[in-house]
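Structural description and commentary
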Amino acid sequence: MTVHVATTTAPVNIATLKYWGKRDANLNLPTNSSISVTLAQDDLRTLTSAATSESFEKDTLWLNGKEESLSNKRTQDCLQDLRDLRHQLESQDDNLPKMSQWKLHIVSENNFPTAAGLASSAAGFAALVVAIAKLYKLPQDMSELSRIARKGSGSACRSLFGGFVAWEMGEAEDGSDSMAVQVLPLDQWSQMKAAILVVSDLKKDTPSTQGMQLTVATSDLFQERINKVVPNRFIEMKDAIIKRDFTKFADLTMKDSNSFHATCLDSYPPIFYINDTSKKIIRLVHSINSFFNETIVAYTFDAGPNAVLYYLEENEYKLFAFLYKLLNQVEGWEPKYNKEQLNGFKSIFENDFKEKIEFFMDPELYQSITRIILTRAGPGPQDSKECLIDEETGLPK
Ligand code: DP6
């Protein structure tokens, strides 16, 4: 039997202007445009191989070594759209193998532990769509493919590009203009770094799909957000990114995280994603910025208590002078810095800053952060030499 295989990686992205709310749940169309930063893949990525063969009996997915169902509607919608595009090609060229009629085997792995507490659906759907598009040799560009990834999970459409990405909400009822576009390529602002502070949390969050539906249905504040706040902020944030104005970018990012969480609190019954530790991180970031009299770091929170801090490489020592105690106590940063460098940050803090600061470094903060992932802005989906499917058998290696 002939097995055709293609492999890709796809990154995680973290929004700086949040997508929250659907105007059409079936097509996964948002109530507002959003913006995100794509994160580097050495730290966080999904690797996906897709295979097809006339002899495969059913569509099958193996995720992190376990067979998982492909039956949910969103995945089915993505597969159908990709098969339709392949079918168009086949109808124009009789020599092409009729892959659109064959079953698919998909094998997918994340390089980050589930314990990292990060949602992986964005990278997962982005990798699924790109791997199959490669397998089918589709001519569509990344923006066009992002419309398909969007149906899998809204935020996934932004993972088709590297650097700084916008998801334009569009106007068309069929969703044909609701897709991702690049705002600024990675190499034009590659100094952007990110520290993910993983916060321990015992209770389960309301899943984002469910949470945003509740907000749309019940929050009055949400109307203000989507009609007035976000449309202006979308223009301002794109402008700040294009001009590489970190202060502006960071201030808008923090405000937008707060605005999104305010609409969660304004939902009825209210949804709480950020917890006391998250609030301590918010206070710490504002204290650091006011200490330097300059916005050098921004926080943002998704549908959970973990913080993502954005900062520029040139300011890393300033930030870490304040975070060294934390770095000393949690896991995750080790591949990036050794103890000696960490002591360097400590001495910067002690020699240069300590005398001048008055705010209280809350020891409880360090106890509730379980892990820190030091990463940076990164590229979009990449080819990979690694293939997860055996080309003889069509099964996971
Ligand atoms: C808070 O993309 O997970 O992370 O479209 O229902 O799958 P679905 O939602 P999802 O929501 C992400 C919400 C967010 C903000 C963002 O990423 O923009």
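Our structure is the block above this text.
Presented here is a report on the structure given in the accompanying data block. Residue positions within a chain follow its written sequence, with the count starting from 1. Only residues with pLDDT of 70 or above have their local features reported here, since the model is predicted, and side-chain atom pairs are shown and tallied only from 80 upward, although totals for entire chains, interfaces and linings are computed over all residues. Hydrogens and water are ignored here; the side-chain numbers use all heavy atoms of the structure.

**Description of helix α6 (residues 246–265)**
Each helix corresponds to a stretch of at least 4 residues labelled H or I by DSSP, and each strand to a stretch of at least 2 residues labelled E; elements are numbered beginning at the N terminus. Between the first and last residue of a helix there are one fewer steps than residues, each counted as 1.5 Å, and that sum is the expected span. Its 20 residues place the ends of α6 28 Å apart at the C-alpha level, agreeing with the 28 Å of an ideal helix rising 1.5 Å per residue. Identification of polar contacts relies on pairs of N or O atoms within 3.5 Å, with a donor-acceptor requirement for protein atoms, meaning one able to donate a hydrogen and the other able to accept it, and with residues adjacent in sequence counted only if both atoms are side-chain atoms. For α6, the N-terminal cap is D245; the gap from its side-chain oxygen to the backbone nitrogen of T247 is 3.3 Å.

**Comments concerning the sheet that holds strand β15 (residues 369–376)**
Strands sit in the order β13-β14-β12-β15 across an open sheet of four strands; the sheet is antiparallel. Lying at the two open borders of the sheet, with one neighbouring strand each, are β13 (297–301) and β15. Across the sheet, the mean angle separating the axes of adjacent strands is 20° when strand polarity is ignored. The contact rule is simple, with two residues in contact once any of their heavy atoms fall within 4.5 Å. Every axis corresponds to a line fitted to the C-alpha atoms, with the helix fit spanning only the stretch in contact, and the corresponding angles, defined between N-to-C directions, vary from 0 to 180 degrees. Contacts from helix α7 (residues 276–292) reach β12 (192–199), β13, β14 (307–312) and β15 within the one sheet, and its direction differs from that of β13 by about 160°. A pair of strands counts as paired when DSSP detects no fewer than two bridges linking them.

**Digging into the sheet that holds strand β9 (residues 103–110)**
Taking strand neighbours across the sheet as the criterion, the five strands line up as β1-β6-β9-β7-β8 in an open arrangement whose pairing is mixed. Lying at the two open borders of the sheet, with one neighbouring strand each, are β1 (4–11) and β8 (66–68). Geometrically, the sheet is characterised by an average inter-axis angle of 20° between neighbouring strands, direction not taken into account. Relative to β8, strand β7 (residues 60–63) runs antiparallel, the two being bridged by three bridges. From the neighbouring strand, L63 faces β8, where its bridge partner is K66.

**Looking at the site of the ligand**
Only heavy atoms are used to decide nearness, and a residue is near a molecule or strand if one of them lies within 4 Å of it. Around the ligand lies a shell of 17 residues, among which Y19, K22, S153, S155 and T209 are the nearest. R74 is positioned with one of its side-chain polar atoms (N or O) 2.8 Å from an oxygen atom of the ligand. Residue T209 places a side-chain N or O atom 2.7 Å away from an oxygen atom belonging to the ligand. What sets the accessible areas is the Shrake-Rupley method with a 1.4 Å probe; for residues, cover comes only from the shown protein chains. The fraction of the free accessible surface of the ligand (460 Å²) that becomes covered by protein chains is 93%. Here the shell around the ligand gets three residues from one element, more than from any other, and that element is helix α4 (residues 208–218).

**Some words on the nonpolar core**
Within the largest apolar cluster, 72 residues are counted, with the highest numbers of intra-cluster contacts made by F249, I281 and L309. Take this core: its biggest share by element is eight residues, from helix α8 (residues 316–329). The residues contacting F249, other than those within four sequence positions of it, are T16, V37, W189, M192, M237, A240, I241 and Y310. Definition of nonpolar core: a set of buried residues of the types Ala, Val, Leu, Ile, Met, Phe, Trp, Tyr and Cys, connected through side-chain atoms within 4.5 Å. A simple rule labels every residue: compare its accessible area, found with a 1.4 Å probe on the protein chains alone, to the largest value its type can have, and call it buried under 20%, exposed over 50%, or partly exposed in between.

**Digging into the environment of R158**
Topologically, R158 is positioned in the loop between α3 (142–152) and β10 (164–168). Separated by 143 residues in the primary sequence, R158 and A15 place their C-alpha atoms 9.0 Å from one another. With sequence-adjacent residues up to four places away left out, R158 is seen in contact with N13, A15, Y19, S34, I35, S36, T38, V165, W167 and A180. Reaching out from R158, the side chain makes a polar contact with the side chain of S36 at a distance of 3.1 Å.

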